[in-house]
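Coordinate analysis (summary)
Spelled out, the chains give:
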Amino acid sequence: MSCGDTSDQSRRFCVLSWDQVQRLDSILGEAVPIHGRGNFPTLSVQPRQIVQVVRTRLEERGVCVKDVRLNGSAASHVLHQDTGLGYKDLDLIFGVSLKDDQAFRLVKDVVLDCLFDFLPAGVSKERISSLTLKEAYVQKLVKVCNDTDRWSLISLSNNTGKNVELKFVDSLRRQFEFSVDSFQICLDSLLLFDRCSETPMSESFHPTVIGESVYGDFMEAMEHLCQRTIATRSPEEIRGGGLLKYCHLLVRGFRPSSEADMKVMQRYMCSRFFIDFSDIGEQQRKLEAYLQNHFAGMEHKRYECLMTLHHVVNESTVCLMGHERRQTLSLISMLALKVLAEQNAIPTVTNVTCYYQPAPYVQDINFSNYYIAHVQPPQISPCSNSYQTWLPCS
């Protein structure tokens, strides 16, 4: 891996090594299933295929794609295979102009239209509309349009949590939570090589692929990734404060670069989390969704993550009234008990029997040597199963 001069701008970038380019090529060529709801068939999609198709269709419709990047945990995996995090989602960022609502609609229509190309042979397409494909294959649609951020997200469904997420970004003020997830890899040179070169890649003949750390210092972020170090800047700028990702990293064996600094940052994380998710119902939905999306195949880690979250909230929350804080802690405890019940670690979550040995001086014949703790979940209306056209994210 080679780096340029030490100016502030150049420190953000680095050229990928041959091993890293090979891992990137492997990820882009791996077939990812997009699972359909109901009777819709599973689509088999290679990331490089859907990038090429979406980019071509956008340019045919007059939308200039500045670049396409691999983002998040998959990019971290390319740069350092043994991250301790693995990767689930394939986050693909398309740099485009989203100047008005028409541009947002055009991007969505193009992506849905591209799904027709991946339907298996023999499927009759005449009676299938774009709206039908959205209901069948799109897990999440997000649109953000404000003074600082203009972007949209289309997440394609995968039952194991390995979603293909297509993100179309005009502007985005905050592009990372922690330094270890701040990496973006520009795919343009590799995709151009696919189209133009008849000679296979080799160590002596392969495209130059550039990686960037939007944290600001590529080598520092790489050191954090290799050493499993938790570091960030201004967590109050992150939606949700990065609180859940912070607890996730702790559970995965990452440790803060400075315990004292992180104690201060924990307070900012908690404050921003409760600003963004002030209602107990919102908190429950966020926690359940995070556990579902980030611990697929690692269900045994969910309890540890919730207990870590309970400790951080109990220790660092200074922005809530006493009853609000107790309500949130109760919610986390309830979810933790539910996780244990799902793992058959306890018999039920509604009646937990806590045994203890009474003191020798207890002589009352009516004394009972066990106590039944009734865990009452918060009164929250059930979530709707309907799929909205856009989910607000502001």
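Refer to the structure presented above.
To start, this report covers the structure provided alongside it. As the structure is a computational prediction, the values presented were derived from the model and not from experiment.

Conventions used here
Residues take numbers from 1 onward in each chain, read along the sequence in its written order. Note on the predicted model: pLDDT of at least 70 is required for a residue's local features to be given, and 80 or more for side-chain atom pairs to be given and counted; whole-chain, interface and lining totals, by contrast, use all residues. Computation of side-chain values: all heavy atoms of the structure, hydrogens and water removed. Only protein chains enter the calculation, and the probe is 1.4 Å; a residue is then buried if its accessible area is under 20% of its type maximum, exposed if over 50%, and partly exposed in between. Comment: elements are numbered from the N terminus, with helices defined as DSSP H or I runs of at least four residues and strands as E runs of at least two. Note on contacts: a residue pair is in contact if any heavy atoms of the two residues lie within 4.5 Å. Using a 1 Å grid laid over the protein atoms alone, points where a 1.4 Å probe fits but cannot get out form a cavity; open sets with protein on both sides within 12 Å along at least 5 of 7 lines form a pocket; any residue with an atom within 4 Å of a point counts as lining. Grid points are joined across faces, edges and corners, and a volume is the space filled by probe spheres set on the points. Gly counts as polar in this scheme, as do all residues outside two lists: the nonpolar Ala, Val, Leu, Ile, Met, Phe, Trp, Tyr, Cys and Pro, and the charged Asp, Glu, Lys and Arg.

**Some words on helix α8 (residues 243–251)**
Within α8, 9 of the 9 residues are buried, which leaves it mostly tucked inside the rest of the structure. For α8, the complete set of buried residues consists of Leu243, Leu244, Lys245, Tyr246, Cys247, His248, Leu249, Leu250 and Val251. Buried residues in α8 make contact with β11 (229–230), β12 (255–256), α9 (259–276), α10 (280–294) and α11 (302–316). A positive backbone phi angle near 95° is found at Gly253, which sits one or two residues after α8.

**Re empty space enclosed by the protein**
Enumeration according to the criterion identifies 2 cavities of 30 Å³ or more in this entry. Lining of the largest cavity is provided by Leu244, Leu287, Tyr290, Leu291, Cys305, Leu306 and Leu309. Listed by contribution, the elements that provide at least two residues to the lining of the largest cavity are α10 and α11. Residues belonging to the lining of the largest cavity are distributed by class as follows: 7 nonpolar, no polar and no charged. Empty space within the second largest cavity amounts to approximately 40 Å³. Contributing to the lining of the second largest cavity are Leu243, Leu244, Phe273, Phe274, Gln283, Leu287, Leu309, Val313, Thr328 and Ile332. Listed by contribution, the elements that provide at least two residues to the lining of the second largest cavity are α8, α9, α10, α11 and α12 (322–342).

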